[in-house]
Amino acid sequence: MLTKVPYRLPYNKDLKEKARFLRINQTNAEKKLWYQYLSPHKEKFNRQKIIDNFIVDFYCARHKLVIEIDGETHNSDRSYNYDKRRTQVLNSYGLIVIRFSNYEIYNEFDSVIERIEEYLK
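A.B. asks: Could you give an account of the nonpolar core, naming the residues involved and the relevant values?
C.D. replies: Counting 19 residues, the largest nonpolar core has L33, I67 and I116 as the members making the most contacts within it. For this core, the elements supplying multiple residues, two or more each, are helix 2 (28–38), strand 4 (54–60), strand 5 (65–70), strand 6 (96–101) and helix 5 (109–120). Filtering out sequence-adjacent residues up to four positions away, I67 remains in contact with L33, L38, F45, D57, F58, I98, F100 and I116. Counting residues in hydrophobic clusters, the runner-up holds 9 residues, among them V56, V66, L95 and V97.

Next up, the structure:
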């Protein structure tokens, strides 16, 4: 059930437990980005934020920025199409969605940070 409030994003309260579980059980790539960059950042970020019927990896409300970390499971056509539709829905709320692969988090971390910083300016 979606709850709509004019000044807030839609929120499916049925996803609360799943979001809590995902916060406790972050992937290694999510942990790296969270602990080494987003958590200590001067901007406030949320982990595993419920928006509409989705749980996004990270969200900065001030900049309307969603950050997604795509692991191995995102490499199929089915996942690509789901992610594309999901991004369209999030964009319809005025949100910007940026995606990084696990590879980028582990091997190109400075570039990941630079790209995020570009959106935060």
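A.B. asks: Break down the pairing of strand 5 for me, citing the residues and quoting the values.
C.D. replies: Within strand 5, 6 of the 6 residues are buried, leaving the element largely enclosed by the surrounding structure. Every second residue of strand 5 is oriented toward a common face, with L65, I67 and I69 on one face and V66, E68 and D70 on the other, all of them buried. Between the end of strand 4 and the start of strand 5, which pair antiparallel, lie 4 residues, with K64 showing a positive phi angle near 50°. With 6 bridges connecting them, strand 5 and strand 6 associate as parallel partners. Among the inter-strand pairings, D70 is bridged to a residue of strand 6, identified as S101.

A.B. asks: So what's going on with the packing of aromatic side chains? Residues and values would help.
C.D. replies: Counted under the stated rule, the structure contains 2 aromatic pairs. Ring centres of W34 and F58 lie 6.0 Å apart, and the angle between their planes is 5°; this geometry places the pair in the stacked category. Of the two residues, W34 sits in helix 2 while F58 sits in strand 4, which places them 24 residues apart along the sequence. Side by side, W34 and F58 carry an identical accessibility label, which is buried. The interplanar angle of 75° and the centroid separation of 6.3 Å between the aromatic rings of F54 and Y82 together place this pair among those described as edge-to-face. Separated by 28 residues along the polypeptide, F54 in strand 4 and Y82 in helix 3 (residues 77–92) bring together distant segments of the chain. Under the relative-accessibility criterion, F54 is labelled buried at 11%. Classification of Y82 as partly exposed rests on a relative accessible area of 45%. Across from the ring centre of F109, 4.5 Å away, lies the NZ or CZ of K32, which sits over that ring.

A.B. asks: Describe the side chain of D57, with residues and values.
C.D. replies: Tracing the backbone through its elements, the reader meets D57 in strand 4. We note that D57 is buried and unpaired, the nearest opposite charge coming from R86 at a distance of 5.6 Å. A distance of 2.7 Å separates the side chain of D57 from the backbone nitrogen of I69, its partner in a polar contact. Those residues in contact with D57 that sit more than four places away from it in its chain are E30, N46, R47, Q48, I67, E68 and I69.

A.B. asks: Give a description of the sheet that holds strand 4 that names residues and reports values.
C.D. replies: Two modes of strand pairing occur in sheets, parallel and antiparallel, and in both the strands are linked by backbone hydrogen bonds. Spatial strand order, 3-4-5-6: 4 strands in an open sheet with mixed pairing. The two strands at the open ends of the sheet, each matched to only one other strand, are strand 3 (46–51) and strand 6. Ignoring which end each strand starts from, the neighbouring axes of this sheet average 45° apart. Those strands touched by helix 1 (residues 16–24) are strand 3 and strand 4, and its axis lies near 160° from that of strand 3. Seen against the sheet, helix 5 touches strand 4, strand 5 and strand 6 and runs at an angle of roughly 175° to strand 6.

About the thresholds
- Residues numbered from 1 in each chain as written.
- Predicted model: local features only at pLDDT ≥ 70, side-chain atom pairs only at ≥ 80, totals over all residues.
- Heavy atoms only, no water.
- Core = buried A, V, L, I, M, F, W, Y, C linked by side-chain atoms within 4.5 Å.
- Buried < 20%, exposed > 50% of the residue type's maximum accessible area, 1.4 Å probe, protein only.
- Helix = DSSP H or I, 4+ residues; strand = E, 2+ residues; numbered from the N terminus.
- Contact = heavy atoms within 4.5 Å.
- Pairing = 2+ DSSP bridges.
- Phe/Tyr/Trp six-rings, centres within 6.5 Å; stacked < 30°, edge-to-face > 60°.
- Lys NZ or Arg CZ within 6 Å of the ring centre and 35° of its normal.
- Lys, Arg positive; Asp, Glu negative; His and termini not counted.
- Salt bridge = Lys/Arg side-chain N within 4 Å of Asp/Glu carboxyl O.
- Polar contact = N/O pair within 3.5 Å; in protein donor to acceptor, adjacent residues only side chain to side chain.
- Axes fitted to C-alpha atoms, helices over the stretch in contact; angles between N-to-C directions.

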